[in-house]
Protein chains: 2
Amino acid sequence: MVGNVLTLVARAREGDPRSVARLISMVENGDPRLREVAAALAPFAGRAQVVGLTGSPGVGKSTTTNELVRALRRAGRRVGVLAVDPSSPFTGGAILGDRIRMQEHTTDPGVYIRSMSTRGMLGGLSVATPQAVRVLEGAGCDVVLVETVGVGQAEVEIASLADTTLVLLAPGMGDAIQAVKAGILEIADVFVVNKADRPGADATYRDIQGMLSLGEREPGDWRPQVVRATAVKGEGIDEVVAAIAKHREWLEGSGRLQAAHEKRAAVEVEAIALAALRARMGDLGDGTALGKLAAQVAEGVTDPYAAADALLAELGERF
Amino acid sequence: MVGNVLTLVARAREGDPRSVARLISMVENGDPRLREVAAALAPFAGRAQVVGLTGSPGVGKSTTTNELVRALRRAGRRVGVLAVDPSSPFTGGAILGDRIRMQEHTTDPGVYIRSMSTRGMLGGLSVATPQAVRVLEGAGCDVVLVETVGVGQAEVEIASLADTTLVLLAPGMGDAIQAVKAGILEIADVFVVNKADRPGADATYRDIQGMLSLGEREPGDWRPQVVRATAVKGEGIDEVVAAIAKHREWLEGSGRLQAAHEKRAAVEVEAIALAALRARMGDLGDGTALGKLAAQVAEGVTDPYAAADALLAELGERF
């Protein structure tokens, strides 16, 4: 049923939403024709500004994303949204509740919205997410918003794919110390103190500003912006959009956009290569090699490093 | 200065806290003698019950851990605690605030407490954490608590190392839907509704019970326990300890403990092998191969899959 890959890519280039959706499904499912898709999309690399948006559950990410889409559309920009659900290694399923709020955009041909899950695909979101971004770039999006739940290591990796990273905080969701603990101070280009109409918002704002003033920066480095917003009322969204635009200008003006794109590509290439190696290791001994070695480690007759060496030796023979 | 590895391991076996600390430092720093350490520790694999403890920032993980340590010590058990900080890829630093609360245990020779960070070590926490668990098993701990911040993919991987996984929730920290979104329903063996004296705790408890009743389970499968606690007052902690013990009994009675240990070992061996492959890929072309390919992808003259193929071809030549 699915047409020729080049036809699909050509249609996606013309803005056909079904073709975009099919290409992203191919990415999610690890379709073998992904190589052809990637080759066809290569020339459009780096066309969009990729904006990562992360924060703890309940902080208002989906509402903020929704309002950002609205504001960007008002400015006439084409927007892609990837809502990345790290629960996928288990359920493969995204919960749809939040997505319903974005229904107002579903009939807008200038917006693509997609919940990403990976159904256990090897390499998971670290392989699938950047390829989905490439599909949306190919489809002519000016901005791609990548929304991730949580602030764990996988999300930090996904943030490394973004040109600009937004970190959402909210009063009462854990204080600024918690933000530092979660490692987000280092990845944020823009902080959004959401739910700014709630008690404690000013304290959260001051805490973040205080910590930023302690951070070490070289002359010419970006100083993360801190913006107050109440996304549910649409307040502060224009300021967030302005901060995103300002960061883009800084990236271009400082010559760091190219470096950001190369870093993104390096992370992607490495993730694809590692996923391939992981698949090859899993296939060794007709799929039994790793399990046999693991059983020896569990018994205490060998150690994990020696077992890994044995696995790598087997892998080397198959190269 | 550091003595012979076998001497260090022997001293750790005798319960010398300095030796335990040194061995864990070697793990964190990716010390080249880790292979010797791992070989010396191999026979003690699987001696401890490994209990993972996770939840969103601010939910009360450190307080709960502290109270669990106290309760387990009252029962005469030797306890290890690893507080895993996923912020490490950037700062390499754990925030000490929470650890201060555990100071009451620092003079207790039956307790080892350690904040884990990995200072950018390849493979990061997925390599270091299980090896640190092995050090604590070797040191004679009956229970090793692994506390992780956040509920992202990396934390899910760390949870796969635990025999028993506790997920902490708190009222007002995001509702049960958020818990499902974060994928934690599938990894939890025991839910702890902490801050149970706060408004909304009963609703959180009911939501979790409701979702568990919808879950599909085969006969003989474990049904996750849900326990109410107010860790800051020490309330409900005995019930949490009882739930952990009950899960251990089920693992042993159902014959699944062996499978859990083999799965843990498989995850470990794979993580070590992948870290080694990643290091080898990073060294290709005197460390320039990945960057050159990434630059071509960023320029749009090649695609990430083709670049990964080229990288793997170079890797194969060096095997």
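Above this text is the structure in question.
In this text, all values refer to a predicted model and were calculated from it rather than measured experimentally.

Trainee: Outline the pairing of strand β4 (residues 143-148) of chain B, supporting the account with residue identities and numerical values.
Mentor: In terms of residue burial, β4(B) counts as a mostly covered element, since six of its six residues are buried. Side chains of β4(B) alternate between two faces, with V143(B), L145(B) and E147(B) and V144(B), V146(B) and T148(B) buried alike.

Trainee: Hey, could you go over the nonpolar core for me, with residue numbers and the actual values?
Mentor: Residues L311(A) and L311(B) are the most contacted members of the largest nonpolar core, which totals 110 residues. Dropping the residues within four chain positions of it, L311(B) is found in contact with V269(A), A273(A), M281(B), L284(B), A289(B), L290(B) and L293(B).

Trainee: Provide a residue-level description of the pattern of salt bridges, including the pertinent values.
Mentor: Residues and elements named next belong to chain A. Here the structure, examined in full by the defined rule, presents 26 salt bridges over all chains. We note a salt bridge from E268 to R134, for which the minimum N-O separation is 2.6 Å. One end of the pair, E268, is in helix α12 (residues 256-287); the other, R134, is in helix α7 (residues 124-138), with 134 residues separating them in the sequence. Taking the shortest distance from any N to any O, the salt bridge between D197 and K233 comes out at 3.0 Å.

Trainee: Could you give an account of the packing of helix α13 (residues 289-299) of chain A against helix α14 (residues 304-318) of chain A, with specific residues and numbers?
Mentor: Residues and elements named next belong to chain A. The contact between α13 and α14 brings their axes to 9 Å, and the two run at 160 degrees. The pairing of α13 with α14 is recorded here as roughly antiparallel in orientation. As α13 packs across α14, the resulting crossing turns out to be right-handed. Contacts from A289, L290, L293 and V297 of α13 reach α14 at P304, A307, A310, L311 and E314.

Trainee: Which residues make up the side chain of H247(A), and what are the values?
Mentor: Note that H247(A) resides in helix α11 (residues 237-253). Given the relative accessible area of 1%, H247(A) is considered buried.

Trainee: An account of the packing of aromatic side chains is needed here, citing residue identities and associated values.
Mentor: Residues and elements named next belong to chain A. Applying the stated criterion to the full structure yields three aromatic pairs over all chains. For the ring pair W222 and W250, a centre distance of 5.9 Å and an interplane angle of 45 degrees mean the geometry is tilted. Of this pair, W222 sits in the loop between α10 (201-214) and β7 (225-228) while W250 sits in helix α11, placing them 28 residues apart in sequence.

Trainee: Please give an account of the sheet that holds strand β6 (residues 190-193) of chain B that cites residues and values.
Mentor: Residues and elements named next belong to chain B. The strand order β3-β2-β4-β1-β5-β6-β7 describes an open sheet built from seven strands, whose pairing is parallel. Strand pairing shows two members of the sheet lacking a second neighbour, β3 (111-116) and β7 (225-228), which therefore form its edges. The mean inter-strand angle of the sheet, taken between neighbouring strand axes irrespective of direction, is 20 degrees. Both strand β2 (residues 79-84) and β3 contribute to a ladder of six bridges, which runs parallel. Residue pairing in the sheet places A83 in a bridge with S115 of β3.

Trainee: Outline the side chain of T64(B), supporting the account with residue identities and numerical values.
Mentor: Residue and element names in this part refer to chain B. Relative to the assigned elements, T64 resides in helix α4 (residues 61-74). Within polar-contact distance, the side chain of T64 engages the backbone oxygen of G60 at 2.7 Å. Excluding its chain neighbours within four sequence positions, the residues that come into contact with T64 are L168, N194, A231 and I237.

The rules behind these values
Residues numbered from 1 in each chain as written. Chains lettered and ligands numbered in written order. Predicted model: local features only at pLDDT ≥ 70, side-chain atom pairs only at ≥ 80, totals over all residues. Heavy atoms only, no water. Buried < 20%, exposed > 50% of the residue type's maximum accessible area, 1.4 Å probe, protein only. Helix = DSSP H or I, 4+ residues; strand = E, 2+ residues; numbered from the N terminus. Core = buried A, V, L, I, M, F, W, Y, C linked by side-chain atoms within 4.5 Å. Contact = heavy atoms within 4.5 Å. Salt bridge = Lys/Arg side-chain N within 4 Å of Asp/Glu carboxyl O. Axes fitted to C-alpha atoms, helices over the stretch in contact; angles between N-to-C directions. Parallel < 35°, antiparallel > 145°, perpendicular 65-115°, else oblique. Left-handed = near helix turned anticlockwise from the far one by under 90°. Phe/Tyr/Trp six-rings, centres within 6.5 Å; stacked < 30°, edge-to-face > 60°. Pairing = 2+ DSSP bridges. Polar contact = N/O pair within 3.5 Å; in protein donor to acceptor, adjacent residues only side chain to side chain.

Any functional reading would require information beyond the geometric quantities listed.
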